[in-house]
Amino acid sequence: MTTTFLNFWSSIGFVDIIEFLGTCAFAISGIRMASAKSVDWFGAFVVGFVTATGGGTLRDLLLGVTPFWMLSSVYAWCTVLALGAVILFSKQLVRLNNTFLWFDSIGLGLFVVVGTEKTIGLGYPFWVVVIMATITGIVGGMVRDILINEIPAIFRQEWYALACIFGVMIYYFLAFIGLDEVFVQVSTAVAVFVIRLLATRYKLGLPTLKNEV
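Residues numbered from 1 in each chain as written. Predicted model: local features only at pLDDT ≥ 70, side-chain atom pairs only at ≥ 80, totals over all residues. Heavy atoms only, no water.

Peer 1: How should the nonpolar core be read in this particular structure?
Peer 2: Where a protein is soluble and globular, its nonpolar side chains tend to be buried together. Phe26, Ile31, Leu108, Val112, Ile138, Tyr160 and Val168 are the most contacted members of the largest nonpolar core, which totals 33 residues. Residue assignment for this core shows that the elements contributing at least two residues are helix H2 (14-35), helix H3 (41-63), helix H4 (74-88), helix H6 (99-121), helix H7 (126-147), helix H9 (160-176) and helix H10 (181-201). Top element by residues in this core is H7. It accounts for eight residues. If near-sequence neighbours (up to four positions away) are discounted, valine 112 is found in contact with Ala133, Cys164, Gly167, Val168 and Val192. Within the second largest apolar cluster, seven residues are counted, among which are Ile12, Cys24, Tyr75 and Cys78. (Core = buried A, V, L, I, M, F, W, Y, C linked by side-chain atoms within 4.5 Å. Buried < 20%, exposed > 50% of the residue type's maximum accessible area, 1.4 Å probe, protein only. Helix = DSSP H or I, 4+ residues; strand = E, 2+ residues; numbered from the N terminus. Contact = heavy atoms within 4.5 Å.)

Here it is, written out as structure tokens:
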């Protein structure tokens, strides 16, 4: 068993670590939001798991590969860990008004990198990479919001999908000028995170479509 454990950790790359961290961050954001609806622990786990895996699942199905979470139980355990963290530190998380925004933005940035890397690795062109990275970042949150009867964040929050698109463009630019791969990945995740926070702070958004007669 020890050998199997060591083989698992020796086989993972930096992108896998990003995916694990993104799963935890998105799961915490989903569970934190579900807690406001007074759901039970199982319901919170379901919401957290869907938030963390929804985007990657749709991405993988569209790319014709096995959904990532079906290849390892670590993603389910990430959600269990996130649930435990929210249960143990619920009072602290409630006191932090921006908890949801921070964890959701962290997950968004990390998953944009994962979606970008996976789609590029399968040989798809830039425009497909943009779509797949955006799907990876936003779909889990959309399903989460539907499950807890909220308007999906993509329709009501500043630069949610746009932050993903900008992230892919930043990734390509940094890779084009020949920077280190890990630096490109970390910089892209941080850029998406910062763009999302700045857009929320300064209410940056696209014009709304009004029904005028």
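Now that the structure has been shown, the text picks up again.
Peer 1: Help me out: how do you make sense of the packing of aromatic side chains in this one?
Peer 2: What characterises a pair of aromatic rings is the spacing of the ring centres plus the angle enclosed by the ring planes. Scanning the entire structure with this criterion turns up nine aromatic pairs. Where phenylalanine 49 meets tryptophan 69, the ring centres are 5.5 Å apart and the plane angle is 80°; that geometry is what we call edge-to-face. Placement of phenylalanine 49 in helix H3 and of tryptophan 69 in the loop between H3 and H4 is noted, with a sequence separation of 20 residues between them. The class for tryptophan 69 is partly exposed, based on a relative accessible area of 30%. An aromatic cluster of at least three residues, connected via ring pairs, comprises Phe20, Phe68 and Tyr75. Sitting above the plane of the tyrosine 202 ring, arginine 201 keeps its charged end 5.0 Å from the centroid. (Phe/Tyr/Trp six-rings, centres within 6.5 Å; stacked < 30°, edge-to-face > 60°. Lys NZ or Arg CZ within 6 Å of the ring centre and 35° of its normal.)

Peer 1: Got a minute to help me understand H6 in this structure?
Peer 2: Quick reminder: α-helices carry 3.6 residues per turn. Residues three or four places apart thus point the same way. With 23 residues, H6 extends 33 Å between its outermost C-alpha atoms, agreeing within 8% with the 33 Å of an ideal straight helix rising 1.5 Å per residue. Of all 23 residues in H6, 17 are buried; the element is thus mostly enclosed. Positive backbone phi, at 85°, marks glycine 123, one or two positions downstream of H6. (Expected span 1.5 Å × (residues − 1).)

Peer 1: Could you clarify how one ought to interpret a nonpolar patch on the surface in this entry?
Peer 2: The grouping of Phe14, Ile17, Leu21, Val182, Val186, Val190, Val194, Leu198, Tyr202 and Leu204 at the surface amounts to a nonpolar patch, some 800 Å² of accessible area in total. The set of elements that each furnish at least two residues to the nonpolar patch consists of H2 and H10. Looking at the nonpolar patch, the element that brings in the most residues is H10, giving five residues. The topology assignment puts leucine 204 in the segment after H10. Take leucine 204: its relative accessible area is 32%, and that puts it in the partly exposed class. (Patch = residues over 30% accessible without salt bridge, like charges linked within 9 Å, V, L, I, M, F, W, Y side chains within 5 Å. Areas by Shrake-Rupley, 256 points an atom, 1.4 Å probe, with all protein chains shown as cover. Salt bridge = Lys/Arg side-chain N within 4 Å of Asp/Glu carboxyl O.)

Peer 1: Looking at this structure, I do not really get the UniProt feature "transmembrane region" (unreviewed entry) in the protein chain. What am I missing?
Peer 2: In the numbering used here, UniProt assigns the "transmembrane region" (unreviewed entry) feature to residues 6-29, 41-62, 68-89, 96-114, 126-147, 159-176 and 182-199. In residues 41-62, the share of helix is 100% and the share of strand is 0%. The end C-alpha atoms are 31 Å apart. Within the segment residues 68-89, helix and strand shares are 68% and 0% respectively, and the terminal C-alpha atoms sit 29 Å apart. (UniProt positions renumbered as here; feature names shortened; annotations may be inferred.)

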